[in-house]
Amino acid sequence: MTDLNPIIADRFTEHLEVFGKTMEHMDTIQEIAYRCKAALENGNKILFCGNGGSAADSQHLAAELICRFKKERRSLAGIALTTDTSALTAIANDYDFESVFARQVEGLGRTGDVLIGISTSGNSKNVVKAAEMARSIGMHTIAFTGEGGGKLAELCDITLAIPSNVTARIQEMHILAGHIICEIIEEDY
């Protein structure tokens, strides 16, 4: 057997350190889950947005709601604003890239819906503008960010700020929190 590349052990160690610090935010994860659960029970929907890996997380979590997470149940209203390439490219072309999510929130969002904006820095301009639009129409706003929360934290009702500045570690905790939220949401179905 060959020697183990030190990167492997270092990344597991980093992950465990961030995981341990994130456990201090379990109450925030529960609060987010209950807010989402209440919105869905009232006939509202959850909209997700983010860029890059956070776009993938948006799609992943929306799919867990539309399809299922762990058990058979009815489909739940989860929409990733990252998937409609015609809307994304038209908005970016006709307006600007900063408006790609806000314009969709304006058209799809309603009072009582939830927007989950995912940005490891908390400063992604298009996610910030989406949160501003969501607030203006009476949506609940939730931020998934990294340490500090950035501008997004200032705009959102609830912020899960992962205690790290390393994008990969933040994203790992975002998807863990997202899975926990999905499991709590579907426990009564």
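Below you will find a few notes about this structure. Per chain, residues are indexed from 1 in the order of the written sequence. The model is predicted, so local features are restricted to residues of pLDDT at least 70 and side-chain atom pairs to those at 80 or more, both for listing and for counting; the totals for chains, interfaces and linings are taken over all residues. Calculated side-chain values reflect all of the structure's heavy atoms, with hydrogen atoms and water omitted.

Across the five residues of strand β1 (residues 46-50), five count as buried, placing the element largely inside the fold. Examined bridge by bridge, β1 and strand β2 (residues 78-80) share three bridges and lie parallel to one another. Counterpart to F48 in the pairing with β2 is A80. Classification remark: right-handed applies to a crossover when, strands pointing away from the viewer, the course from the first strand over the helix to the second runs clockwise. Runs of H or I in DSSP of at least four residues are treated as helices and runs of E of at least two as strands, each being numbered from the N terminus. Taken together, β1, helix α3 (residues 53-66) and β2 constitute a β-α-β crossover, and its handedness is right-handed. Relative to strand β3 (residues 114-118), β1 runs parallel, the two sharing five bridges. Bridge assignment links F48 to a residue of β3, and that residue is I116. When a residue's accessible area, from a 1.4 Å probe over protein chains only, is under 20% of the maximum for its type it is buried; when over 50% it is exposed; and in between it is partly exposed. When DSSP locates at least two bridges between a pair of strands, those strands are taken to pair.

Further remarks concern helix α6 (residues 125-136). In this scheme, a helix's expected span is set at 1.5 Å multiplied by one less than its residue total. The terminal C-alpha atoms of α6, which comprises 12 residues, lie 17 Å apart, in line with the 16 Å expected from a rise of 1.5 Å per residue. The criterion used for residue contact is that any of the two residues' heavy atoms lie within 4.5 Å. Packing partners of the buried residues in α6 comprise β1, α5 (102-108), β3, β4 (140-145) and α7 (150-155). Just downstream of α6, G138 is the residue with a positive phi angle, here 85 degrees.

To continue, consider empty space enclosed by the protein. Throughout, the protein atoms alone are placed on a 1 Å grid, and a set of points is a cavity if a 1.4 Å probe fits but cannot get out or a pocket if it is open with protein on both sides within 12 Å along at least five of seven lines; lining residues have an atom within 4 Å of a point. Grid points are joined across faces, edges and corners, and a volume is the space filled by probe spheres set on the points. Evaluated as defined, the whole model comprises one cavity of 30 Å³ or more. The space that makes up the largest cavity amounts to roughly 70 Å³. Taken together, C36, I46, F48, L61, L65, I116, F144, G178, I181, C182 and I185 form the lining of the largest cavity. Counting residues per element, the lining of the largest cavity draws most heavily on helix α8 (residues 167-185), at four residues. Each residue gets one label: Ala, Val, Leu, Ile, Met, Phe, Trp, Tyr, Cys and Pro are nonpolar, Asp, Glu, Lys and Arg are charged, and the others, such as Gly, are polar. In terms of residue class, the lining of the largest cavity is built from 10 nonpolar, one polar and no charged.

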